[in-house]
Amino acid sequence: MNIYIFDMDGTLTPARQQMDPDFARRFIIWAKSHMAYLAAGSNYEKVTEQLPPDIVASFSGIYSSMGNVFHQKGKEIYRNEIKLKKELLQTLERFRKNTAYDGKLYGNYMELRPGMLNFSVLGRNCPFSERNLYNEWDNKHHEREQIVAELNQKFPEYETSVGGKISIDIVTKGCGKEQVAAKIRAAHPNDKIIFIGDRTEKGGNDYALAETLRAMDNTEVIAIKSPKDVLEYLGI
Ligand code: M1P
């Protein structure tokens, strides 16, 4: 049997948006005859906000907050915590203060989740239109890539990666999405594991899980760019 792992934002749904009803209709039919897990960067509350209840219930398990929280049948099974160094927080404040982005900045620029910190120079309280503006600007100026490179060099005890459209994710080294690989392999020692994500490239928040799986036997990583690619890959 194949065991599927799906990323959420950018893979099953557009980043930070609800699952498209047509996608949900097709996916739920597929899910009835396949075994799948979710490995999201977002927290569990956002998973249940973005996915319809029948889709949430169709997963054999849901890893959220970069694998630091695990739910099965709606019940929390475990959660990890993170210790944040003062110097790291000061460095993030400096990035926010010195950004070259000249649009308006919003609140909630450091969002603490179980086992991780999500940082966005723009601020997570921004309206959706501003997300796109910042993302277009960032695609040209590569601010997030530069922040990720600097943090990974300066703070090797953490693992920093580009999140969805506006943010970066910070976890304790070894406590990112890659922890999901060993857990699912332990639960399914003889099955093929297939991971589908939109950020499997170096620096992306699916990369560590993709690399860990690639180093294991009987696995496959499918890099997609949007939910449309997922439908195409699954043939639904
Ligand atoms: O799952 C991908 C990312 O989705 C959101 O990213 P952004 O707000 O940048 O679009 C965040 O929840 C992020 O943590 C997560 O990795």
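Predicted model only: the values in this text are computed from it and were never measured.

What counts, and where the lines are drawn
- Residues numbered from 1 in each chain as written.
- Predicted model: local features only at pLDDT ≥ 70, side-chain atom pairs only at ≥ 80, totals over all residues.
- Heavy atoms only, no water.
- Helix = DSSP H or I, 4+ residues; strand = E, 2+ residues; numbered from the N terminus.
- Rg over C-alpha atoms; globule rule 2.2 N^0.38 Å.
- Buried < 20%, exposed > 50% of the residue type's maximum accessible area, 1.4 Å probe, protein only.
- Contact = heavy atoms within 4.5 Å.
- Areas by Shrake-Rupley, 256 points an atom, 1.4 Å probe, with all protein chains shown as cover.
- Lys, Arg positive; Asp, Glu negative; His and termini not counted.
- Charge placed at Lys NZ, Arg CZ, Asp CG, Glu CD.
- Phe/Tyr/Trp six-rings, centres within 6.5 Å; stacked < 30°, edge-to-face > 60°.
- Pairing = 2+ DSSP bridges.
- Axes fitted to C-alpha atoms, helices over the stretch in contact; angles between N-to-C directions.
- Near = heavy atom within 4 Å.
- Polar contact = N/O pair within 3.5 Å; in protein donor to acceptor, adjacent residues only side chain to side chain.
- Nonpolar A, V, L, I, M, F, W, Y, C, P; charged D, E, K, R; others polar.
- Salt bridge = Lys/Arg side-chain N within 4 Å of Asp/Glu carboxyl O.

Enquirer: Would you mind going over the overall build of the protein chain with me for this structure?
Expert: Secondary structure summary: the protein chain contains nine helices and 11 strands in total. In terms of overall dimensions, the protein chain is globule-like: its C-alpha atoms have a radius of gyration of 17 Å, near the 18 Å expected for 236 residues. Summarising its shape, the C-alpha atoms of the protein chain cover approximately 50 × 35 × 30 Å along the three principal directions. Out of the 236 residues in the protein chain, the part that is buried amounts to 53%. By sequence separation, contacts in the protein chain at least 24 residues apart represent 65% of the contacts at least 6 residues apart. As presented, the protein chain carries roughly 11,100 Å² of accessible surface, and 51% of it is formed by carbon and sulfur atoms. Of note, the protein chain has its 32 positive side-chain charges centred 2 Å away from the centre of its 32 negative side-chain charges.

Enquirer: What is the right way to read the packing of aromatic side chains from this model?
Expert: Two descriptors summarise a pair of aromatic rings, namely the distance from one centre to the other and the angle between the planes of the rings. Counting across every chain of the model gives 13 aromatic pairs. A centroid spacing of 5.2 Å and a plane angle of 80° characterise the contact between Phe 6 and Phe 27, whose relative ring orientation is edge-to-face. Of the two residues, Phe 6 is situated in strand β1 (residues 2-6) and Phe 27 in helix α1 (residues 21-31); the sequence distance between them amounts to 21 residues. Phe 27 carries the same exposure label as Phe 6, and that label is buried. Summarising the aromatic geometry, the rings of Tyr 37 and Tyr 63 are spaced 6.4 Å apart at their centres and angled 35° between planes, so their arrangement reads as tilted.

Enquirer: Teacher, can you tell me more about the sheet that holds strand β8 (residues 158-162) here?
Expert: Either a parallel or an antiparallel arrangement is found when strands of a sheet pair, and the pairing is made through backbone hydrogen bonds. Spatial strand order, β6-β7-β9-β8: four strands in an open sheet with antiparallel pairing. The open sheet has two edge strands, β6 (110-113) and β8, and neither has a second partner. Adjacent strand axes in the sheet meet at a mean angle of 20° when their direction is disregarded. Of the pairings in the sheet, the one linking β6 to strand β7 (residues 116-119) comprises four bridges and is antiparallel in character.

Enquirer: When you look at the site of the ligand in this model, what are you seeing that I'm missing?
Expert: The environment of the ligand is made up of 15 residues, and the closest members are Arg 131, Lys 165, Ser 167, Asp 169 and Asn 205. Between the ligand and Arg 124, the relevant distance is 2.8 Å, taken from an oxygen atom to a side-chain nitrogen or oxygen of the residue. Within the side chain of Arg 131, an N or O atom sits 2.7 Å from an oxygen atom of the ligand. Contact with the protein chains covers 99% of the free accessible surface of the ligand, which is 380 Å². For the shell around the ligand, a count of residues per class yields two nonpolar, seven polar and six charged.

Enquirer: Even after reading the chapter, I still don't get the pattern of salt bridges, so can you show me in this structure?
Expert: Opposite charge on two side chains makes pairing possible when the charged atoms of those side chains draw close. In this structure the tally under the stated criterion is 15 salt bridges. A salt bridge links Arg 16 to Glu 49, with the shortest nitrogen-to-oxygen separation between them at 3.1 Å. Remark: Glu 49 occurs in helix α2 (residues 44-50) and Arg 16 occurs in the loop between β1 and α1; sequence separation between them is 33 residues. Ionic pairing is found between Arg 214 and Glu 211, a salt bridge with its closest N-O pair at 2.6 Å. With a gap of three residues between them, Arg 214 and Glu 211 both fall in helix α8 (residues 207-214), about one helical turn apart.

Enquirer: Is there a simple way to think about the environment of Lys 192 in this case?
Expert: Take Lys 192: it is sitting in strand β10 (residues 192-197). Take Lys 192: its relative accessible area is 26%, and that puts it in the partly exposed class. Between the alpha carbons of Lys 192 and Asn 2 there is a distance of 4.9 Å; along the sequence they are 190 residues apart. In terms of polar contacts, Lys 192 uses its side chain to reach the side chain of Glu 220, at 2.8 Å.

Enquirer: Explanation requested: the sheet that holds strand β4 (residues 69-72) in the structure shown.
Expert: If you trace the seven strands from one edge of the open sheet to the other, you get β5-β4-β3-β2-β1-β10-β11, paired in mixed fashion. Only two strands of the sheet have a single neighbouring strand rather than two, namely β5 (75-79) and β11 (219-223). Averaged over all pairs of adjacent strands, the angle between strand axes in this sheet comes to 20°, irrespective of strand direction. Pairing analysis gives three bridges linking strand β3 (residues 61-64) to β4, with the strands arranged antiparallel.

Enquirer: What am I meant to see in the side chain of Glu 143 here?
Expert: By the secondary structure assignment, Glu 143 is in helix α6 (residues 143-154). The buried charged residue Glu 143 lacks any salt bridge, with Arg 144 as its nearest oppositely charged partner at 7.1 Å. A polar contact of 2.6 Å, which involves the side chain of Glu 143, links it to the side chain of Thr 99. The contacts of Glu 143, once residues within four sequence positions are left out, are Thr 99, Ala 100, Val 121, Tyr 134, Trp 137 and Asp 138.

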